[in-house]
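Structure at a glance
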Amino acid sequence: MLAEDNFAVDFSCTTCGKIINALTCPSHCPQCQTAAPDHGFPTAEAVKIAEQNDRFRAGLLTGTASDLRGQVVVTSAVNGMGRDFLTAALMAVAGDSTFTPDNDPYGDHGFGTVTVLTVRLFWKIDLYDEELVYGSPAPANPAVTRRVLTIMFPSDY
């Protein structure tokens, strides 16, 4: 990731939590010397969003993410698979923790794939403003961000 307009960005070491202010993604952490993972250090904002996205998804089952407002949408094809399938899909999405540089290039845990009863599904979290019209003006701020979690078949994407 490259900072826009030559402004430094805060990157976060996922090992020790050190915030690194830099124009480009660092190759290692100056505090703990951890080398950057394959896709670099996520921004500090992406780390906050990832934590919120994980809590939002887990809250589907536990009801513990009350400060994170949003909704779940499923495509008509997923809904057509029936209640048991939909319940299994929600459980799988809520518990998903498989993030790789391929499905999570920004480190914000906003996209994933799960398999439900041998059927592959995608899930995606979009971050909107309070009226669900535009993107959130401050995606890491739950007070002005609404999440929309969409569960779909790959062919629906």
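Note that the coordinates shown come from a computational prediction; the quantities given were computed from them, not determined experimentally. (Residues numbered from 1 in each chain as written. Predicted model: local features only at pLDDT ≥ 70, side-chain atom pairs only at ≥ 80, totals over all residues. Heavy atoms only, no water.)

Right, let's get into the side chain of Ser136. Within the secondary structure, Ser136 is located in the loop between strand S5 (119-128) and strand S6 (146-152). There is a polar contact of 2.7 Å between the side chain of Ser136 and the side chain of Thr145. Setting aside anything within four residues of it in sequence, one finds Ser136 in contact with Leu127, Tyr128, Asp129, Val144 and Thr145. (Helix = DSSP H or I, 4+ residues; strand = E, 2+ residues; numbered from the N terminus. Polar contact = N/O pair within 3.5 Å; in protein donor to acceptor, adjacent residues only side chain to side chain. Contact = heavy atoms within 4.5 Å.)

A sheet is described by the order of its strands in space; here 4 strands give the open sequence S3-S6-S5-S4, paired in mixed fashion. The open sheet has two edge strands with one neighbour each: strand S3 (70-74) and strand S4 (111-116). Within the sheet, the average angular offset between the axes of one strand and its neighbour, ignoring direction, is 20°. Here S4 pairs with S5 via 6 bridges, running antiparallel. Note on S5: the bridge partner recorded for Phe111 is Lys124. Contacts from helix H1 (residues 44-62) reach S3, S5 and S6 within the one sheet, and its direction differs from that of S6 by about 60°. The sheet strands contacting helix H3 (residues 83-95) are S3, S4, S5 and S6, and the helix crosses S4 at an angle near 135°. (Pairing = 2+ DSSP bridges. Axes fitted to C-alpha atoms, helices over the stretch in contact; angles between N-to-C directions.)

Let us now look at the nonpolar core. Ranked by internal contacts, the top residues of the largest apolar core, which has 19 residues, are Val78, Leu121 and Trp123. At the level of elements, H1, H3, S4, S5 and S6 are the ones that each hand at least two residues to this core. Excluding residues within four positions of it along the chain, Leu121 makes contact with Val78, Phe85, Ala89, Gly112, Thr113, Val114, Val116, Ile151, Met152, Phe153 and Pro154. In this structure, Cys13, Ile20, Ala22 and Cys29 belong to the second largest nonpolar core, which totals 6 residues. (Core = buried A, V, L, I, M, F, W, Y, C linked by side-chain atoms within 4.5 Å. Buried < 20%, exposed > 50% of the residue type's maximum accessible area, 1.4 Å probe, protein only.)

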